[in-house]
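# Examination of the molecular architecture
Letter by letter, the chains look like this.
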There are 12 protein chains.
Amino acid sequence: MKICIINGPNLQLLGKRETAIYGKSSLNDLKNTLIEKSKTHNKNINLDFFQSNHEGEIVDKLAEIFNKKYDGIIINPAAFTHTSVAVYDALKAVDIPAVEVHLSNIHNREEFRKRSLTAGACKGQICGFGVKGYELALEALLEII
Amino acid sequence: MKICIINGPNLQLLGKRETAIYGKSSLNDLKNTLIEKSKTHNKNINLDFFQSNHEGEIVDKLAEIFNKKYDGIIINPAAFTHTSVAVYDALKAVDIPAVEVHLSNIHNREEFRKRSLTAGACKGQICGFGVKGYELALEALLEII
Amino acid sequence: MKICIINGPNLQLLGKRETAIYGKSSLNDLKNTLIEKSKTHNKNINLDFFQSNHEGEIVDKLAEIFNKKYDGIIINPAAFTHTSVAVYDALKAVDIPAVEVHLSNIHNREEFRKRSLTAGACKGQICGFGVKGYELALEALLEII
Amino acid sequence: MKICIINGPNLQLLGKRETAIYGKSSLNDLKNTLIEKSKTHNKNINLDFFQSNHEGEIVDKLAEIFNKKYDGIIINPAAFTHTSVAVYDALKAVDIPAVEVHLSNIHNREEFRKRSLTAGACKGQICGFGVKGYELALEALLEII
Amino acid sequence: MKICIINGPNLQLLGKRETAIYGKSSLNDLKNTLIEKSKTHNKNINLDFFQSNHEGEIVDKLAEIFNKKYDGIIINPAAFTHTSVAVYDALKAVDIPAVEVHLSNIHNREEFRKRSLTAGACKGQICGFGVKGYELALEALLEII
Amino acid sequence: MKICIINGPNLQLLGKRETAIYGKSSLNDLKNTLIEKSKTHNKNINLDFFQSNHEGEIVDKLAEIFNKKYDGIIINPAAFTHTSVAVYDALKAVDIPAVEVHLSNIHNREEFRKRSLTAGACKGQICGFGVKGYELALEALLEII
Amino acid sequence: MKICIINGPNLQLLGKRETAIYGKSSLNDLKNTLIEKSKTHNKNINLDFFQSNHEGEIVDKLAEIFNKKYDGIIINPAAFTHTSVAVYDALKAVDIPAVEVHLSNIHNREEFRKRSLTAGACKGQICGFGVKGYELALEALLEII
Amino acid sequence: MKICIINGPNLQLLGKRETAIYGKSSLNDLKNTLIEKSKTHNKNINLDFFQSNHEGEIVDKLAEIFNKKYDGIIINPAAFTHTSVAVYDALKAVDIPAVEVHLSNIHNREEFRKRSLTAGACKGQICGFGVKGYELALEALLEII
Amino acid sequence: MKICIINGPNLQLLGKRETAIYGKSSLNDLKNTLIEKSKTHNKNINLDFFQSNHEGEIVDKLAEIFNKKYDGIIINPAAFTHTSVAVYDALKAVDIPAVEVHLSNIHNREEFRKRSLTAGACKGQICGFGVKGYELALEALLEII
Amino acid sequence: MKICIINGPNLQLLGKRETAIYGKSSLNDLKNTLIEKSKTHNKNINLDFFQSNHEGEIVDKLAEIFNKKYDGIIINPAAFTHTSVAVYDALKAVDIPAVEVHLSNIHNREEFRKRSLTAGACKGQICGFGVKGYELALEALLEII
Amino acid sequence: MKICIINGPNLQLLGKRETAIYGKSSLNDLKNTLIEKSKTHNKNINLDFFQSNHEGEIVDKLAEIFNKKYDGIIINPAAFTHTSVAVYDALKAVDIPAVEVHLSNIHNREEFRKRSLTAGACKGQICGFGVKGYELALEALLEII
Amino acid sequence: MKICIINGPNLQLLGKRETAIYGKSSLNDLKNTLIEKSKTHNKNINLDFFQSNHEGEIVDKLAEIFNKKYDGIIINPAAFTHTSVAVYDALKAVDIPAVEVHLSNIHNREEFRKRSLTAGACKGQICGFGVKGYELALEALLEII
């Protein structure tokens with residue numbers, strides 16, 4: 001079972017910037033936590049981690065996921081959540097179950113963060129629980145698949 | 001550890017109406033699933049279930065939760081999500097960790113369902129995973145508490 | 001044949017308040033008129049009258065209608081017409097033919113009365129003919145059923 | 001008693017086009033149904049049928065109705081419902097009781113069909129009941145006159 | 001010197017309808033008043049009067065004016081003022097000095113009357129002075145030509 | 001002289017929640033303060049206190065006030081201020097002098113609190129002075145009555 | 001017969017600035033033209049000219065006009081046309097017939113110039129004819145008075 | 001194979017008006033060009049040309065096309081593109097493949113020209129290539145049919 | 001204790017204009033009423049009255065209040081309520097407790113009067129009680145100071 | 001003669017994804033079709049194909065086209081059509097004739113696809129004809145060049 | 001070389017009010033800093049300082065600048081930035097190079113401060129650098145002149 | 001002291017494209033001018049120049065600046081100014097003083113250029129002075145650091 005975890009722009013700074021909003025775990029911590037989590041399931045789960053600040057690379061990655069027949073996607077599109085028709089179209093195109101995650105609660109921040117364009121192309125969305133949200137997304141994804 | 005699960009209007013019809021959108025589990029199934037789930041945690045968890053079609057009763061319930069010192073709230077405000085300032089104010093007032101859940105993915109339905117007013121008064125939001133979403137909410141809540 | 005006539009907030013004051021807008025017939029007059037009307041049809045028609053100022057009670061009533069297998073609904077949601085997602089969802093959920101009625105012509109009053117949210121979950125809408133509108137709604141409903 | 005039934009653009013295609021939305025009766029069927037209906041009333045009712053795809057001809061007709069002292073108007077402005085200030089002004093000018101009818105339920109179609117400009121110049125509006133709506137309009141009109 | 005006075009929809013009812021808003025002079029009175037007025041100028045002025053409820057006929061007339069080399073246009077587009085791109089385009093196309101007139105003060109009526117689409121294709125606009133407005137428009141036009 | 005003081009949703013928590021915004025007095029303190037205040041007037045003033053989290057109960061109460069011929073209303077619709085057409089309609093229907101009160105200054109809080117729907121059906125509005133605002137409302141009401 | 005001609009901000013620069021838009025006549029030329037014009041009428045007409053860049057002075061002047069019982073007002077509020085509630089209120093308060101004039105055609109300039117707030121408190125509006133517009137306004141005013 | 005080419009308001013002035021925007025070819029040139037073009041195809045193509053400034057005549061024509069079983073439509077609705085629900089409805093009703101053409105690039109002109117209402121009822125749209133656009137539309141139509 | 005009462009544009013006409021809306025008391029009556037009222041308090045209260053039609057003079061006055069260390073402000077910004085960022089900024093800058101008063105109920109008049117920009121820089125707002133509103137404001141202010 | 005065909009995000013999946021909307025031809029088929037087409041013209045036409053999911057690479061490519069003096073551009077900006085100011089600016093900057101193409105009819109899909117930002121910087125736009133649209137674009141381009 | 005530095009409403013309080021936003025330098029400090037700065041240039045620069053809380057006085061001043069042939073303007077319109085068409089028109093009329101300055105960064109304050117109306121009539125705008133911004137404006141102005 | 005100068009999309013074409021708007025200096029000229037300028041300060045200033053058409057590369061660069069502990073940023077986000085949440089987030093995340101520069105005056109160009117999203121994450125903004133704006137930005141930055 002192959003699952004790809006995609007993180008969007010500025011998430012490589014996780015744990016280093018604005019920790020009051022995004023928490024103190026680094027992207028590596030997140031990776032380790034998820035791998036640990038995946039082992040608690042008696043399924044043979046392959047996790048593939050990908051981070052990029054480039055909208056284009058995320059669209060490329062989604063096409064690769066499509067070609068390599070992944071089983072599921074966990075995606076935190078970060079800033080692209082609110083503006084990227086390209087990521088929305090790519091998610092629609094690959095048609096593999098995807099779960100959108102946000103570290104912070106997008107409903108009590110700036111006005112422009114309250115609407116997600118990309119979530120409409122996913123199965124569901126989880127926001128506000130920090131790194132824990134990725135674990136929940138993994139669980140949700142396993143349920144769906 | 002006391003947790004209250006609040007379900008808003010029309011959710012008493014769960015499993016009976018529009019099953020293509022909301023799934024085939026009844027509210028009772030949901031209850032049993034969550035109780036089973038709570039037992040897998042080695043914590044002494046009390047789950048209190050509440051459903052109402054009345055905005056006022058939900059506001060009353062939230063005040064009761066405040067008075068009886070519950071530890072957490074899982075709330076699916078259903079139709080009130082998008083319109084109820086009263087539920088929003090009540091969640092703000094009680095100031096107990098709350099997680100908002102939606103059975104369906106509110107991001108690919110009618111325009112007016114895309115914005116949540118009440119989520120701004122919660123820790124986070126989970127949508128699109130049917131009954132599984134409540135299990136994830138419980139897990140999220142235990143992490144927060 | 002069972003039909004439920006639901007009247008929303010402030011309609012218990014019918015004939016007593018703002019008679020220039022809503023006319024001089026009371027809710028009781030309306031009831032009698034409709035019963036008389038129903039007898040002119042050679043069908044065995046049971047009319048059930050319900051009025052409430054509570055959105056929640058109307059939602060409860062709609063669920064009851066669903067359980068008791070009514071054949072049709074005449075509903076004047078009054079103030080809830082323009083704001084209640086809960087009534088809209090309930091009408092969608094029960095999926096029994098419903099006709100929306102308004103005593104006044106909502107198209108030449110305040111701006112906020114010109115759009116009906118709930119009518120989208122009904123078969124059709126009749127407005128501007130006072131109590132006569134309910135008679136027409138009954139006739140329309142019999143045609144549909 | 002003289003009543004004019006005005007049908008707006010594309011209604012000459014009734015029964016031939018988009019029957020899923022507009023039903024299978026032709027404009028002629030509609031005519032016959034209404035004439036039959038009018039005979040059930042013990043009043044001497046003259047029905048005058050008019051259909052045009054031209055906004056200007058409808059405005060002309062309304063002026064003619066004004067000059068020939070008709071007693072009532074049933075109007076389905078079709079596409080002009082949402083855009084024609086000229087028809088609105090003409091209805092206001094002739095000041096003869098008018099009832100607006102729509103075959104389909106304008107509240108669950110395209111966004112631009114949800115608001116009626118012309119209904120503000122009528123006594124009331126009936127929508128969603130197909131040809132039956134004209135019969136109801138006739139009844140409503142007889143009540144008003 | 002040839003000038004065409006164009007009157008839009010419902011203006012044939014002038015003096016007969018809504019006299020509180022539009023005054024008591026008929027379209028014929030208006031005609032006579034303007035002819036009298038034109039004689040007070042020592043210029044050989046030909047006035048051509050045209051009224052239509054049809055947007056298309058007004059567009060046709062404007063093209064005719066273009067072909068017959070008129071010197072000026074006085075136009076009261078009435079309802080078309082606020083909605084007709086076709087009249088706007090025609091006025092732009094003929095490129096003959098035009099003055100827009102309104103009998104009533106469009107600035108203290110319904111919201112939708114406050115903006116004029118067609119005035120942008122005219123030299124100027126005069127509103128609120130009843131029939132007198134046409135006299136002023138004639139004077140303005142003579143100044144411009 | 002009978003006056004009813006109506007308090008809307010979450011106001012039963014007064015003095016217990018968000019005291020930085022709403023102050024430290026409880027609803028009971030408010031009651032006592034107003035009774036004391038009423039005694040300083042040489043009029044025989046009966047104060048009737050009512051609080052509810054239910055929009056429907058407030059609408060019911062307003063109808064009761066109408067039937068029992070109260071002389072005045074002091075209302076803090078709280079969350080319903082911005083959304084309840086039902087309370088607005090009820091205030092219009094009972095047609096008894098009403099004064100709207102808000103504890104906090106609604107003009108420097110969230111955007112959605114800046115407009116009051118219900119105030120349009122009252123004589124006037126007082127906001128920003130905490131419990132003192134109710135005293136001022138009482139004084140204003142006595143002046144009006 | 002006393003008439004006051006009020007010119008708003010930047011109109012003292014008339015004939016000196018942006019002559020392509022506003023023409024080459026100075027404010028003095030305008031004055032002389034209007035005085036000449038007034039003499040052609042066999043009425044004893046007193047023209048009082050006033051220009052100010054201060055909104056407050058225009059409001060003061062309007063109150064003075066009210067106190068000194070002028071018979072009419074010609075006003076070009078210039079920039080204040082689109083923003084000044086104070087001038088609108090003053091025109092409403094003095095309740096003396098006023099005609100609004102604009103040198104340029106406000107309908108084919110910047111978007112924000114297309115709506116006039118102040119015209120709603122005047123009898124009518126004339127725009128697009130340069131200095132000639134004031135002459136027409138005088139004529140209109142004499143007709144009204 | 002029968003194809004109808006419909007041109008909307010003011011297009012009869014083609015080549016005579018605003019040539020900087022619309023080019024120098026007349027409607028007749030356009031006709032000849034298309035006939036020539038149609039001959040290059042080895043299909044027996046009948047081209048029927050129609051121009052009208054009347055929305056109603058275009059709606060009439062579309063119904064005629066429906067009755068006479070044409071194979072395709074090329075339509076330049078001109079001003080009606082942005083405002084005519086009637087033409088939109090007619091195109092929907094006739095359900096014959098239609099291609100919308102605009103001489104100018106509607107995307108770099110006035111704001112109100114940027115949205116096409118009618119294109120939603122066509123197979124596709126071509127704009128910005130002058131008379132050449134009609135040739136391309138013919139080619140596109142032949143491909144579709 | 002020094003308190004300044006500031007009245008905005010057109011309020012010098014109080015009692016003379018639009019008395020149906022603003023009442024029959026003059027600004028002088030208002031002054032006397034407030035002085036009488038102030039004497040009923042056992043505090044040494046100095047009332048300073050100021051009225052201006054000039055936004056700039058009100059801003060100047062507010063700065064003077066700041067320099068002369070007044071204890072409180074009662075302000076009726078009238079027309080400036082809805083448009084003046086300068087008065088808003090001045091109120092923010094002086095940072096002395098201010099109460100906004102309106103004679104009429106701004107919530108049931110023109111749309112543009114429903115929002116107050118300046119109230120956000122005050123402690124609270126009182127509207128709809130005529131001259132009585134100033135007395136209430138004084139009382140509120142004394143409570144705050 | 002050098003022409004560059006630029007395809008935006010997700011178009012590399014052409015023929016593989018959402019074939020109901022985008023058709024079954026692959027990007028390679030498109031390429032071959034266009035090369036075949038170009039040979040039918042007796043001009044020496046060089047076609048350069050470019051696809052990227054990266055907005056930046058498309059902007060880079062446009063600059064390269066500018067430097068290498070291409071004669072024309074066919075661009076399907078896909079998702080960037082509606083959001084990319086950068087592509088709009090680049091098209092403006094290079095100032096080489098460009099034709100925008102869309103496979104689907106953007107006028108009957110999601111609301112956000114109905115407006116094209118980039119088309120304003122092109123000569124024209126063709127949408128709704130699938131791969132055929134590129135052929136038409138080539139023809140249009142050859143006409144323009 | 002004559003340059004006028006214009007400061008709008010409330011800037012006379014500079015250094016005294018809201019120093020967290022506007023800094024601790026007074027208007028006099030600003031004056032001295034700029035004079036010092038102007039001496040570092042080997043040009044004979046005359047600086048004329050002007051501050052007013054009156055929109056009208058700023059418009060008057062701009063006309064004076066026009067008459068006295070100044071070479072440049074530095075203007076901080078403060079509150080008028082967002083609302084004054086009169087200042088915008090005056091800047092357009094005088095047509096002397098102007099630079100707009102703001103002490104604070106208008107892009108991270110209240111929503112209504114994010115758009116500048118007046119900047120469109122200036123050469124450019126500098127914001128967010130406190131008093132330093134005026135020095136930069138002077139430098140920019142010298143470059144332009 | 002290390003400062004990074006970041007230029008966004010299409011700025012590599014500086015001096016070659018649309019010189020009427022952006023001036024004739026190339027990016028290299030800009031570089032040399034700034035280096036010269038930096039030498040006039042007696043500080044050891046390192047200028048690092050970066051240009052990219054890729055939003056992702058700019059976000060990458062900002063993270064690098066964060067890691068390499070630069071002292072300041074001068075950024076002209078060009079097209080990304082109005083649309084890039086990613087650049088906004090990156091500027092927020094790195095939290096190093098940044099100054100936004102625009103060559104042209106964004107306040108008198110297309111509507112969509114009037115708002116800057118990214119400026120809210122900078123210290124201030126300078127626009128309208130061409131290459132000179134970068135020199136001013138450098139000066140402003142040195143003042144801030």
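As a reminder, the structure under discussion sits directly above these lines.
Below you will find a few notes about this structure. Numbers given to residues run from 1 along each chain, matching the order in which its sequence is written. Whichever chain is written first becomes A and whichever ligand is written first becomes 1, with later ones labelled in order. It should be noted that, the model being predicted, local features are given only for residues of pLDDT at least 70 and side-chain atom pairs only at 80 or more, the latter also being counted only at that level, while totals for whole chains, interfaces and linings use all residues. Processing note: side-chain calculations cover all non-hydrogen atoms of the structure and skip hydrogens and water entirely.

### Section: the interface of chain K and chain L
By convention, interface size is frequently given as the accessible area that disappears when the constituent parts associate. Counting from both sides, the interface comprises 25 residues of chain K and, opposite them, 25 residues of chain L. Accessible area that two parts lose when put together, evaluated with a 1.4 Å probe and summed over both, is termed the buried area. Summed over both partners, the interface of chain K with chain L comes to about 2,100 Å²; 53% of that surface belongs to carbon and sulfur atoms. Three residues, His-107, Arg-115 and Phe-129 of chain K, lead the burial of chain K against chain L; their summed loss comes to 27% of the area buried on that side. Criterion for a salt bridge: a side-chain nitrogen of Lys or Arg within 4 Å of a carboxyl oxygen of Asp or Glu. Applying the counting criterion to the chain K and chain L interface returns eight salt bridges. For the salt bridge of Glu-143 of chain K with Lys-132 of chain L, the shortest nitrogen-to-oxygen distance reads 3.5 Å. Under the rule applied, a polar contact is a pair of N or O atoms within 3.5 Å (in protein, one hydrogen donor and one hydrogen acceptor; residues adjacent in sequence only if both atoms are side-chain atoms). In this structure, the connection of chain K to chain L is made through 12 residue pairs in polar contact (both at pLDDT 80 or more). Mapped by element, the contributors of at least two residues to the side of chain K that touches chain L are strand E5 (124-127) and helix H5 (132-144) of chain K. Looking at chain direction, E5 of chain K and strand E5 (residues 124-127) of chain L are connected through three bridges and run antiparallel. What sits directly across from Cys-127 of chain K, in E5 of chain L, is Gln-125 of chain L. Only heavy atoms matter for contacts: two residues are in contact if any of them lie within 4.5 Å across the pair. What counts as a helix is a DSSP run of H or I of at least four residues, what counts as a strand is a run of E of at least two, and both are numbered from the N terminus. Should DSSP find at least two bridges between two strands, the strands are regarded as paired.

### Re the relation of the copies chain A and chain B
Copy-to-copy alignment: least squares on C-alpha atoms, limited to residues at pLDDT 70 or above in both. Mapping chain A onto chain B leaves a residual RMSD of 0.0 Å; the transformation is a rotation of 180° accompanied by 0.0 Å of translation along its axis. Such values leave the two copies arranged in the relation of a two-fold axis. Across chain A, the smallest distance between a C-alpha and the rotation axis is recorded for Ile-126 of chain A, namely 2.2 Å. Comparing interface residues between copies, 100% of those in chain A also sit at the interface in chain B, which points to an isologous, same-surface contact.

### Topic: the packing of aromatic side chains
Geometry of aromatic contacts follows a simple scheme: Phe, Tyr and Trp rings, the Trp one being its six-membered ring, pair when their centres are within 6.5 Å, and the pair is stacked under 30 degrees between planes, edge-to-face over 60, tilted otherwise. Tallying each qualifying case throughout the model produces 12 aromatic pairs over all chains. With a centroid separation of 5.9 Å and 80° between ring planes, the pair formed by Phe-112 of chain G and Tyr-88 of chain K is classed as edge-to-face. Pair noted here: Phe-112 of chain G is in the loop between strand E4 (98-102) and strand E5 (124-127) and Tyr-88 of chain K is in helix H4 (residues 85-94), and the two residues belong to different chains. Categorising residues by exposure relies on relative accessible area from a 1.4 Å probe, with only protein chains included: less than 20% of the type maximum marks a residue as buried, more than 50% marks it as exposed, and the intermediate range marks it as partly exposed. Residue Phe-112 of chain G is classed as partly exposed on the basis of its relative accessible area of 29%.

### Examining a nonpolar patch on the surface
Residue and element names in this part refer to chain A. Each patch is built from salt-bridge-free residues with over 30% relative accessible area, joining like charges within 9 Å and nonpolar side chains (Val, Leu, Ile, Met, Phe, Trp, Tyr) within 5 Å. Note on areas: these come from Shrake-Rupley sampling with a 1.4 Å probe, and a residue is covered only by the protein chains present in the view. A grouping of Met-1, Ile-144 and Ile-145 is seen on the molecular surface, where their side chains present a nonpolar patch of about 210 Å² in accessible area. Along the chain, Met-1 falls in the segment before strand E1 (2-7). By relative accessible area, which is 32% here, Met-1 ends up partly exposed.

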